[in-house]
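Given next are the chains, with one letter for each unit.
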Amino acid sequence: MEPVVTMDKLVSLCKRRGYIYQSSEIYGGLSSAWDYGPLGVELKNRIAQFWWKEMTQLHDNIVGIDAAIMMHPRVWEASGHVANFSDPLVECKGCKMRFREDQLPEENRISKKCPNCGKDLTEPRKFNLMFKTHIGPLEDAASIVYLRPETAQGIYVNFKNVTNTTRVKIPFGIAQIGKAFRNEITTKNFIFRTCEFEQMEMQYFIRPNEDAKWFDYWKNERIKYYEKIGVRAAKLQFHEHGKDELAFYARRAVDVYYEFPFGWNEIEGIHNRTDYDLQQHTEYSGKDLTWLDEETKERFLPFIIETSAGLTRQVLVALCDAYDEDEAQGEKRVVLRLHPSIAPVTVGVFPLVKKDGLAELARTIELGLREDYPTFYDESGAIGRRYRRQDEAGTPYGITIDYQTKEDDTVTLRFRDSMEQVRVKVGELSARIRSEIKNYKRS
Ligand code: ATP
C-alpha cells in the first residue's frame, strides 16, 4: 500500500496551495532552490516566531542578535571552516554524476561503483562547501569574503559585545535566526538539503564543569519543543554521535532525527563544543574573550552548549508530519493537521451564501477577529468546497455565518481535524479559539 505521505504528494500540494514553488520556475527552475509562497512564508515565519519565543522570551537569560551574513574572512580561518569544512566528493567516470562519498549506499561505497549507472567512481577529493565571493571591485585575495555556512560564528564573535552591553551572567545564551549557505554536493528531497537555507541557533555559555548538566537540560528542552509545535513523538528520536562521528573538539553531540518519507534524518544538532570556539577566536583575533566571574573572582573561557536547528528543514518536518488523507462525505480529503500555533491561517470565515446580508455580517466578524488571529475570508463556491480548500491549506478552524446568526448571534465553529461543528456566540469566538489552541491535541 502506498504510504499516506510521499514527497511527490507533498511537493504537489505545496505548489497547489502556494506553500513552496520551484525557484525561477519560468526560466526552467534553479536546481534545488525553492521560493516560499504566501502560505509558505507564513508557516516559516510562525515557526521562527515560535522558536524565538521559546528560546528567548521564555528564558530570562537568553538574548538575541542578528549578525551580518558576510564576516571578516579570518573568522572562517579561526573556526576551521577554511581548512576543514569539506565533504568527500566522488564523480562517476561514466555518467558524470557527483555524489558525497559518505552518503553513498554501503555497497557502492565499498565497490566504488556508481549507484546510477554502475560505472567506476573517482577517488574522493575534499570539496569545500563555503561559497566564496569578493567585496569591492577587485577580485584579489584581500577582498575574499564567504557567505556564512552557519550562523553560530556570528554569535561567538559577538560574545564580548553582548556581555559588555547587557546584564547577562553565565550561564546565559545568545540566539540567532538567519540564512546560511553551503555549496552542497547533492541537494535533494525538496527543501531538506539546499544550498541556501535558514538556521535557528542558540549558543549557551556555561562554566566548564557544568557541561554535562546543561547538555542534558537542552537535550530535554529541545525534544519538548518539537512536541509543542505538534510533531508526533513517534516520529522523533535521538542519535548519539559515536567517537568516530564527533568533531575532534566536541565532548558530546546528539542529533534530533525525524522520520521523513525518505527515512530517518537529522533535523537538529545539540553539541557540547567545549571552549574550542572562544579559544580559537581568542587566538586568531588576539582579543581576550575570557569571562570574569564576579562572585568567585575566577576568570575562564566559557564552554558552549549549542542547539542548532534548520528553520527550512523544520518547515519540511511540519508539512510531512501534518499531511494526512481521510474521507469527507464519501470523498477523499487531503488535510494538513498543522498545529494551530504554527498554521499560516488560524481561522477561515465563510458566509453560507453571499446574499441576504450574510456576506456583510461575515466580513464584520472576520474584521473583528483579525487583531487576534491570521484570518482568511472566502465567500465564493459551495461551502463544502471552501472547507476542503482550508483543510488542505492547514487552517485549523472555520466559522460559518448562516441565517441563524442573524437571529441569535451565533455561528458554527468547525474543527479541521474532526470536521465537527459547534455553535458559538459571536462575542465568545475569540476566547473560544484561544482556548482551543491552548488545549489542541491532534486527533
Ligand atoms: P550534514 O552532515 O547532513 O551535511 P551537518 O550535520 O553538517 O549536516 P549542521 O552543521 O549540524 O549539519 O547543521 C545544523 C542544522 O542545520 C541541521 O540539523 C539542519 O537542520 C540544518 N542544515 C544544515 N545543512 C542544511 C542544508 N544544506 N539545507 C537545509 N538545512 C540544513
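The text that follows walks through the structure, step by step, so that each part is easy to find.

Of the consecutive residues Ile-170 and Pro-171, the connecting peptide bond is found in the cis state with omega at 5°. Secondary-structure assignment places Pro-171 in the loop between helix H7 (159–165) and strand S9 (172–181). Here the phi dihedral of Ser-24 falls at roughly 50°; this positive angle occurs in a residue that is not glycine. Considering the arrangement of structural elements, one finds Ser-24 in the loop between strand S1 (20–22) and strand S2 (34–36). A residue is classified by how much of its surface remains accessible, and Ser-24, at 36% relative accessible area, is partly exposed. Positioned with a positive phi, Thr-274 is a non-glycine residue whose angle comes to about 55°. Of note, Thr-274 is situated in the loop between strand S13 (263–272) and helix H9 (276–285).

Its volume calculated, the largest pocket comes out at about 1,600 Å³. Lining the largest pocket are 49 residues, with Phe-85, Arg-182, His-241, Glu-266 and His-271 sitting closest to its centre. Broken down by element, the lining of the largest pocket gets its largest block of residues, 7 residues, from S13. Here the second largest pocket is characterised by a volume of approximately 520 Å³.

Here we come to the sheet that holds strand S5 (residues 98–100). Reading across the sheet, the 3 strands line up as S5-S4-S6 and stay open at both edges, with antiparallel pairing between neighbours. Pairing within the sheet leaves two strands with one partner each, and these edge strands are S5 and strand S6 (125–128). Ignoring strand direction, the axes of neighbouring strands in this sheet form an average angle of 45°. Bridge count for strand S4 (residues 86–91) against S6 is 4 bridges, and the pairing is antiparallel. The partner of Ser-86 across the bridge, within S6, is Asn-128.

Conventions we followed
Residues numbered from 1 in each chain as written. Predicted model: local features only at pLDDT ≥ 70, side-chain atom pairs only at ≥ 80, totals over all residues. Heavy atoms only, no water. Helix = DSSP H or I, 4+ residues; strand = E, 2+ residues; numbered from the N terminus. Buried < 20%, exposed > 50% of the residue type's maximum accessible area, 1.4 Å probe, protein only. 1 Å grid on protein atoms, 1.4 Å probe; cavity = no way out; pocket = protein on both sides within 12 Å on 5 of 7 lines; lining within 4 Å. Points joined across faces, edges and corners; volume = space filled by probe spheres on them. Pairing = 2+ DSSP bridges. Axes fitted to C-alpha atoms, helices over the stretch in contact; angles between N-to-C directions.

In short, the description is geometric, and any link to function would need to be established separately.
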